[in-house]
Amino acid sequence: MRLLKTNLLIALATIFLLTLPMIASAQLILTGVFDGPLSGGTPKGVEIYVVDDIADLSAYGLGSANNGGGTDGEEYTFPAEAAVGGTFLYATGNPDEFLAFFGFAATHVVEGFALSINGDDAVELFHNGLVEDVFGEIDTDGTGEPWEHLDGWAYRVADTGPDGDIFDITNWTFSGINVWDGALDNASSDAPMPLGSYTNSTVGVEDVTFDGIKSLYR
Ligand SMILES: [Ca+2]
Ligand SMILES: [Ca+2]
Ligand SMILES: [Ca+2]
Ligand SMILES: [Ca+2]
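What counts as what
Residues numbered from 1 in each chain as written. Chains lettered and ligands numbered in written order. Predicted model: local features only at pLDDT ≥ 70, side-chain atom pairs only at ≥ 80, totals over all residues. Helix = DSSP H or I, 4+ residues; strand = E, 2+ residues; numbered from the N terminus. Buried ≥ 20, exposed ≤ 12 C-beta atoms within 10 Å, placed from the backbone. Contact = placed C-beta atoms within 7 Å. Arc of directions from axis to C-beta. Pairing = 2+ DSSP bridges. Right-handed = clockwise from strand over helix to strand, strands pointing away. pLDDT = per-residue confidence, 0-100. Core = buried A, V, L, I, M, F, W, Y, C linked by C-beta atoms within 7 Å.

The next thing to look at is the overall build of the protein chain. Helix and strand counts for the protein chain stand at three helices and 10 strands. When the helices and strands of the protein chain are read in sequence order from the N terminus, they spell out α-β-β-β-β-β-α-β-β-β-β-β-α. Classification of the 218 residues of the protein chain by burial places 36% in the buried group. Of the contacts formed within the protein chain by residues at least 6 apart in sequence, a portion of 65% connects residues at least 24 apart.

Across the junction of threonine 42 and proline 43, the peptide omega takes the value -5 degrees, indicating a cis bond. Residue position: proline 43 is located in strand β2 (residues 42-50). The amide bond that connects glycine 161 to the next residue, proline 162, takes the cis arrangement and shows omega of -5 degrees. Tracing the backbone shows proline 162 in the loop between β9 (153-156) and β10 (172-174). Despite not being glycine, asparagine 128 shows a phi value in the positive range, around 50 degrees. One can find asparagine 128 in the loop between β7 (122-127) and β8 (130-135).

Before going further, it helps to spend a moment on helix α2 (residues 95-102). Of the positions making up α2, those classed as buried are Glu97, Phe98, Phe101 and Phe102. The buried residues of α2 all sit within an arc of 105 degrees when viewed along its axis, so they share a single face. If you follow the buried residues of α2, they end up packed against β1 (28-38), β2 and β5 (88-92). Count one or two residues on from α2 and you reach glycine 103, which has phi positive near 85 degrees.

For β5, the tally of buried residues reaches four of five residues, placing the bulk of the element in the interior. As paired strands, β5 and strand β6 (residues 108-109) are joined by two bridges and run parallel to one another. Paired with threonine 92 across the strands is valine 109, a residue of β6. Taking the sense of rotation as the criterion, the β-α-β connection linking β5, α2 and β6 turns out right-handed.

The next point concerns the pairing of strand β3 (residues 60-65). Burial within β3 is extensive, with six of its six residues counted as buried. Of the two faces of β3, both are covered, the one formed by Tyr60, Leu62 and Ser64 as well as the one formed by Gly61, Gly63 and Ala65. For β3 and β7, the ladder comprises six bridges, and the chain directions are antiparallel. Bridge pairing links alanine 65 to alanine 122 in β7. When β3 meets strand β4 (residues 76-77), the two strands line up antiparallel, connected through two bridges. Paired with leucine 62 across the strands is tyrosine 76, a residue of β4.

This part takes up the confidence of the model for the protein chain. In this model, the protein chain carries an average pLDDT of 89, and 82% of its residues clear a pLDDT of 70 or more. Contacts for the low-pLDDT stretch residues 20-24, under 50 throughout, to residues beyond four places or in other chains number five contacts.

Moving on to the sheet that holds β8. Hydrogen bonds along the backbone pair up the strands of a sheet, which may run parallel or antiparallel. Taken in spatial order, the four strands line up as β4-β3-β7-β8 in an open sheet, and their pairing is antiparallel. Taken across any chain shown, the strands that pair with only one partner, and hence form the sheet edges, are β4 and β8.

Among the nonpolar cores identified, the biggest contains 39 residues, and Val33, Val46, Ile48, Leu62, Ala91, Val123 and Phe135 are the most heavily contacted of them. Of all elements in the fold, only β1, β2, β3, β5, α2, β7, β8 and β9 reach the threshold of two or more residues within this core. No other element matches β1, which puts five residues into this core. Once residues within four sequence positions are removed from consideration, alanine 91 is found in contact with Gly45, Val46, Ile48, Leu62, Ala106, His108, Val110 and Leu115.

This paragraph deals with the environment of glycine 93. Following the sequence through the fold, glycine 93 ends up in the loop between β5 and α2. When the C-alpha positions of glycine 93 and histidine 108 are compared, they lie 8.4 Å apart, and in sequence the two are 15 residues distant.

Here it is as structure tokens:
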């Protein structure tokens, strides 16, 4: 009887594990937010990590919740194109300044106000219209808050995210404010943003341990 119970437990745990990829279907993670110091306070934008190959990026989009004004919904939708797992997307409204400041070309040029951000704004990453990841508190003006990064940047901690629609400040590191004042490019600045350094070895099984699975069926 006891052996039967153990076998049943293993079978259930196996089913649960096989189901996990469907539960944790997030394929993009917001990993960086920046407010550059070039003309007009540029480049402004975000870095996004592609967890796994995506056939059609147009299921994803971005929005900025400005100055504590709450969500603006999806203000930018990515084009219908593929993305490769393990790479980063760089979205900005200022491609020329992005190239000048970071030394490589942005992957996505965002027209309009989707990324009109200046260090006190929250950014939402949408998937099929739902918030899959968020930086900042959408209902709080970031000025003077611990997540403010005026003329600087915020960067996600490795092996964290996506956080759904609840901002978790412990999953981010910050440059502090005004660290880029007068800087001509990221590399020579006083506080270089660690672009492209995010890694995640736990996507899809985050916070799931065998003990945790066992406890579900106890
Ligand atoms: Ca600025
Ligand atoms: Ca906005
Ligand atoms: Ca703002
Ligand atoms: Ca400044």
